[in-house]
Amino acid sequence: MTRISKYLARHLRHDPQRIGLALDPGGWVEVEELLRAAAEHGFPITADELREVVASNDKRRYALEDGRIRASQGHSVPVDLGLPAAEPPEVLYHGTVGRFLAAIRSEGLRAMNRHHVHLSADRQTATRVGARRGAPVVLVVAAGAMRADGHTFRLSANGVWLVDHVPPAYLRFP
Ligand code: HQG
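Keep in mind that this is a model prediction, so the values were computed, not measured. (Residues numbered from 1 in each chain as written. Predicted model: local features only at pLDDT ≥ 70, side-chain atom pairs only at ≥ 80, totals over all residues. Heavy atoms only, no water.)

I keep staring at the sheet that holds strand S8 (residues 161-163) and nothing clicks. Help me out?
Strands pair in a sheet through their backbones, by hydrogen bonds, and they do so in one of two ways: parallel or antiparallel. If you trace the 3 strands from one edge of the open sheet to the other, you get S5-S8-S7, paired in antiparallel fashion. Sheet topology places strand S5 (117-119) and strand S7 (154-155) at the edges, where each strand pairs with a single neighbour. (Pairing = 2+ DSSP bridges. Helix = DSSP H or I, 4+ residues; strand = E, 2+ residues; numbered from the N terminus.)

Structure (structure tokens):
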């Protein structure tokens with residue numbers, strides 16, 4: 001399941017062309033097309049396996065709708081997820097690692113290779129996100145204050161808060 005999920009992330013978020021896929025502007029692709037492309041490129045997946053991966057995925061990374069599938073967030077290829085602006089809670093969290101802190105203190109949080117900065121609703125999730133890269137450091141984001149100052153927040157289908165940039169003034173460091 002993890003192998004399939006990683007394969008989906010690679011081709012639905014970052015590199016669809018690698019297997020000859022084209023995502024529509026919203027990031028969707030026909031399930032049949034995806035399965036055919038994967039099989040043709042040496043990674044056969046059955047429709048049942050795909051459904052199972054989508055349903056059991058720990059972070060609900062993929063959405064299935066009307067015979068189409070897309071990643072709910074995390075793209076590096078240009079897509080417009082069409083997410084409406086949403087009211088964030090007063091604080092959100094961002095998990096990172098010590099080696100990025102100097103840059104983050106001076107530039108704030110930047111989207112880097114993705115479309116948005118990803119923020120978590122709880123400290124525990126942010127800790128896990130940071131731990132992917134080393135000893136996690138959790139920053140507290142004054143989301144309510146940012147919203148009040150005109151920054152737009154969006155909430156992905158799987159509960160990740162997305163914002164273009166977090167200026168350093170809204171960050172609290174441990
Ligand atoms: C850091 C996973 C230097 C930032 C996770 C992070 C998440 C800066 C890294 C989702 C910086 C970017 C996203 C600055 C931010 N200077 N470094 N100014 N601003 N950074 O992977 O948030 O499993 O693009 O702290 O669970 O780690 O893929 O972002 O360490 O939800 O579904 O630059 O990816 O979800 O890394 O993770 P990423 P992220 P999936």
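Help me understand the site of the ligand, please; the structure alone is not making it clear to me.
The environment of the ligand is made up of 19 residues, and the closest members are Arg13, Lys59, His94, Glu107 and Arg133. Within the contact set of the ligand, a nitrogen atom lies 2.9 Å away from a backbone nitrogen or oxygen of glycine 108. Expressed as a share of its isolated accessible area of 780 Å², the protein-covered part of the ligand is 89%. Listed by contribution, the elements that provide at least two residues to the shell around the ligand are strand S4 (92-97) and helix H4 (101-107). Examining the composition of the shell around the ligand, we find that 3 residues originate from one element, H4, more than from any other. (Near = heavy atom within 4 Å. Polar contact = N/O pair within 3.5 Å; in protein donor to acceptor, adjacent residues only side chain to side chain. Areas by Shrake-Rupley, 256 points an atom, 1.4 Å probe, with all protein chains shown as cover.)

Teacher, can you tell me more about the pairing of strand S6 (residues 136-141) here?
On a regular strand, each side chain points to the face opposite its neighbour's, so the side chains alternate between the two faces of the sheet. Extensive coverage of S6 is indicated by the burial of 5 of its 6 residues. The pairing of S4 with S6 spans 6 bridges and is antiparallel. The residue of S6 that forms the bridge with threonine 96 is valine 137. Judged from the 2 bridges that link them, S6 and strand S9 (residues 171-172) form a sheet pairing that is antiparallel. Pairing of valine 140 across the sheet is with arginine 172, part of S9. (Buried < 20%, exposed > 50% of the residue type's maximum accessible area, 1.4 Å probe, protein only.)

Explain the confidence of the model for the chain here, please?
Low pLDDT marks regions whose predicted coordinates should not be analysed in detail. Averaged over every residue, the pLDDT of the chain is 97; the share at 70 or more is 100%. In the predicted complex, the global pTM is 0.91; the interface-specific ipTM is 0.96. (pLDDT = per-residue confidence, 0-100.)

Just to check I follow, could you spell out a positive patch on the surface for this structure?
Taken together, Lys59, Arg99, Arg128, Arg132 and Arg133 make up a surface patch of like positive charges. Positionally, arginine 99 belongs in the loop between S4 and H4. (Patch = residues over 30% accessible without salt bridge, like charges linked within 9 Å, V, L, I, M, F, W, Y side chains within 5 Å. Salt bridge = Lys/Arg side-chain N within 4 Å of Asp/Glu carboxyl O. Lys, Arg positive; Asp, Glu negative; His and termini not counted. Charge placed at Lys NZ, Arg CZ, Asp CG, Glu CD.)

I'm lost on the nonpolar core in this one. Help?
General note: in soluble globular proteins, nonpolar side chains tend to be found buried as a group. The biggest cluster of nonpolar side chains holds 28 residues, and the ones touching the most others in it are Leu8, Leu12, Leu34, Ile45, Leu50, Tyr62 and Ile69. Among the secondary structure elements, those contributing two or more residues to this core are helix H1 (2-14), helix H2 (31-40), helix H3 (47-56) and strand S3 (68-71). Core analysis: the next-biggest nonpolar cluster, separate from the first, contains 18 residues, Leu139, Ala143, Met146 and Phe153 among them. (Core = buried A, V, L, I, M, F, W, Y, C linked by side-chain atoms within 4.5 Å.)

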